[in-house]
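Below are the chains, spelled out letter by letter.
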Amino acid sequence: MGYAWTAYRNGHHAQVLRMLPDLLAEARSAGDASAAGLPVRVYRLAAQVLVKLGKADLAWLAADRAMSAAADDPRRAGLAAVSVAQALRALRQGKLAMGAAAAAVRRLDLARSQVFLPEEPTLTGTLLSEAALAAASCGAVAPVAEFTERAVQLAASHGERHHDDHDGIGFGPIIVELTRALTAMRLGDHHRAVAAHRRATRDDSWRLLPAEHRAAHLVDITRAHLDLGDHHAAGRALVIADGIAPAETRLRPAAHAALTAVLRAGPTAADVARLAATIGLTRR
């Protein structure tokens, strides 16, 4: 399972897809206490890959299975809620996604206060980022600011957190800045989105992020470039993403849509045209 998450974070999505049937079978048969967390991890991985492939309905089913498998464990429920929020956003259910992520944060806070559990800054920060993105997707400006501010404070107090291939999450100041860029984009402030994106990608921490995260962000930020009429910047972002993790551009419908928009916007650079030809896209 750890190997599968590492493959995912490195952008080897086709490899993960080949592993999933056996992993799902193993998760369904897991019954001993030592494997109690396996179903949550497997269903989460399935949900996140399915979101990438544009299969939001199936991703929601997998995320829901992860939540059921988490039972009464606050940490596992928090991990499952990350995938639930992502699947709901993909289904354009931003309010429900925001509610799921925010509820998981409250549950972690309550568990920590009642049972004196250690703080989970990486998980809490990941959930706050998901809540902010979900809030932005439904135009909820005040909650975006609230979730982002708490994420800023959490990142400042705990510093950069390494991504955990065991759970497929990560958090730190760089991720907060990337979240700022994407929330601004989804709220229609594309100039602010591009400014935050440029600040983040100039930071040394950017290169330390997993390949999947960097490439996915570059694909996502193309919408801001395109809405500003800068199809050259959008094309460059897609080419760079392809160099980091080709599966992000070659398997994701979102990347195909962005590349098609770049092609239709006018003359394109040679490397953008080559990428489109490799994928099999045209200007039509």
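Right above here is the structure, for reference.
Small disclaimer: the values here were computed from a predicted structure and weren't measured. (Residues numbered from 1 in each chain as written. Predicted model: local features only at pLDDT ≥ 70, side-chain atom pairs only at ≥ 80, totals over all residues. Heavy atoms only, no water.)

K.L.:
Any chance you could explain the nonpolar core here in plain terms?
P.N.:
The nonpolar side chains of a soluble globular protein tend to be buried with one another. Counting 50 residues, the largest nonpolar core has Met1, Val16, Leu45, Leu123, Leu127 and Phe147 as the members making the most contacts within it. Among the elements of the structure, α1 (2-9), α2 (13-29), α3 (38-52), α4 (56-70), α5 (74-90), α6 (94-115), α7 (121-137) and α8 (141-158) are those that each provide at least two residues to this core. Among the elements that take part in this core, α7 stands out by supplying eight residues, more than any other. Dropping the residues within four chain positions of it, Leu123 is found in contact with Arg75, Gly78, Leu79, Val82, Leu108 and Ile169. Counting 25 residues, the second-largest nonpolar core is a separate cluster that includes Ile174, Ala211, Ala241 and Leu281. (Core = buried A, V, L, I, M, F, W, Y, C linked by side-chain atoms within 4.5 Å. Buried < 20%, exposed > 50% of the residue type's maximum accessible area, 1.4 Å probe, protein only. Helix = DSSP H or I, 4+ residues; strand = E, 2+ residues; numbered from the N terminus. Contact = heavy atoms within 4.5 Å.)

K.L.:
What exactly am I supposed to notice about a nonpolar patch on the surface here?
P.N.:
Residues Leu58, Trp60 and Leu61 make up a contiguous nonpolar surface patch of roughly 280 Å² in combined accessible area. Within the secondary structure layout, Leu61 lies in helix α4. (Patch = residues over 30% accessible without salt bridge, like charges linked within 9 Å, V, L, I, M, F, W, Y side chains within 5 Å. Areas by Shrake-Rupley, 256 points an atom, 1.4 Å probe, with all protein chains shown as cover. Salt bridge = Lys/Arg side-chain N within 4 Å of Asp/Glu carboxyl O.)

K.L.:
Could you clarify how one ought to interpret empty space enclosed by the protein in this entry?
P.N.:
Left-over empty space is what a probe sized like a water molecule reveals as it rolls over the atoms. The final tally for this structure, using the stated rule, is one cavity of 30 Å³ or more. Computed from the structure, the largest cavity encloses a volume of approximately 30 Å³. Where the lining of the largest cavity is concerned, the elements lending two or more residues are α7, α8 and α9 (173-186). Looking at side-chain class alone, the lining of the largest cavity contains five nonpolar, three polar and no charged residues. (1 Å grid on protein atoms, 1.4 Å probe; cavity = no way out; pocket = protein on both sides within 12 Å on 5 of 7 lines; lining within 4 Å. Points joined across faces, edges and corners; volume = space filled by probe spheres on them. Nonpolar A, V, L, I, M, F, W, Y, C, P; charged D, E, K, R; others polar.)

K.L.:
Before we go on, may I ask you to explain the packing of α5 against α7 in this structure?
P.N.:
The angle between the axes and the distance between the axes are what describe a pair of packed helices. Put simply, α5 and α7 touch, their axes get as near as 10 Å, and they point 25 degrees apart. Between α5 and α7, the crossing angle belongs to the class labelled roughly parallel. In the crossing of α5 with α7, the sense of the turn from one axis to the other is left-handed. Facing α5, whose interface residues are Arg75, Gly78, Leu79, Ala81, Val82, Ala85, Gln86 and Arg89, α7 presents Leu123, Thr126, Leu127, Glu130, Leu133, Ala134 and Ser137. For the contact of α5 with α7, the class distribution of residues is eight nonpolar, four polar and three charged. (Axes fitted to C-alpha atoms, helices over the stretch in contact; angles between N-to-C directions. Parallel < 35°, antiparallel > 145°, perpendicular 65-115°, else oblique. Left-handed = near helix turned anticlockwise from the far one by under 90°.)

K.L.:
I would appreciate a short explanation of the pattern of salt bridges in the present structure.
P.N.:
Opposite charge on two side chains allows them to pair when their charged atoms are near. Across all of its chains, the model carries 14 salt bridges by this definition. The closest approach of N and O atoms between Arg112 and Asp109, which form a salt bridge, is 2.7 Å. Remark: Asp109 and Arg112 occur in helix α6; sequence separation between them is three residues, near one turn of the helix. Residue Asp109 is classed as partly exposed on the basis of its relative accessible area, which comes to 23%. In this structure, Arg252 engages Glu248 in a salt bridge whose closest nitrogen and oxygen atoms are separated by 2.9 Å.

K.L.:
Before we go on, may I ask you to explain the layout of surface pockets in this structure?
P.N.:
Of the voids in this model, the largest pocket is the one considered here, and its volume is about 1,500 Å³. If you go around the largest pocket, you meet 45 residues; those closest to its centre are Val51, Arg89, Arg186, Asp220 and Arg252. Broken down by element, the lining of the largest pocket gets its largest block of residues, eight residues, from helix α11 (residues 211-227). For the lining of the largest pocket, a count of residues per class yields 18 nonpolar, 15 polar and 12 charged.

K.L.:
It is not clear to me how the packing of aromatic side chains should be interpreted in this structure. Could you clarify?
P.N.:
Two aromatic rings are characterised by how far apart their centres lie and by the angle between their planes. Inspection of the entire model under this criterion finds one aromatic pair. Measuring from centroid to centroid gives 5.6 Å for Trp5 and Tyr8, while their planes differ by 85 degrees, and the two rings are edge-to-face. Placement of both Trp5 and Tyr8 in helix α1 is noted, with a separation of three residues, approximately one turn of the helix. Comparing Trp5 with Tyr8, the two get one shared label, buried. (Phe/Tyr/Trp six-rings, centres within 6.5 Å; stacked < 30°, edge-to-face > 60°.)

K.L.:
Before we go on, may I ask you to explain unusual backbone geometry in this structure?
P.N.:
For residues other than glycine, phi is negative in most cases, and the peptide bonds are mostly trans. Although it is not a glycine, Ala71 adopts a positive phi angle of roughly 55 degrees. The topology assignment puts Ala71 in the loop between α4 and α5. A relative accessible area of 48% means that Ala71 is categorised as partly exposed.

Keep in mind these values describe shape, not function.
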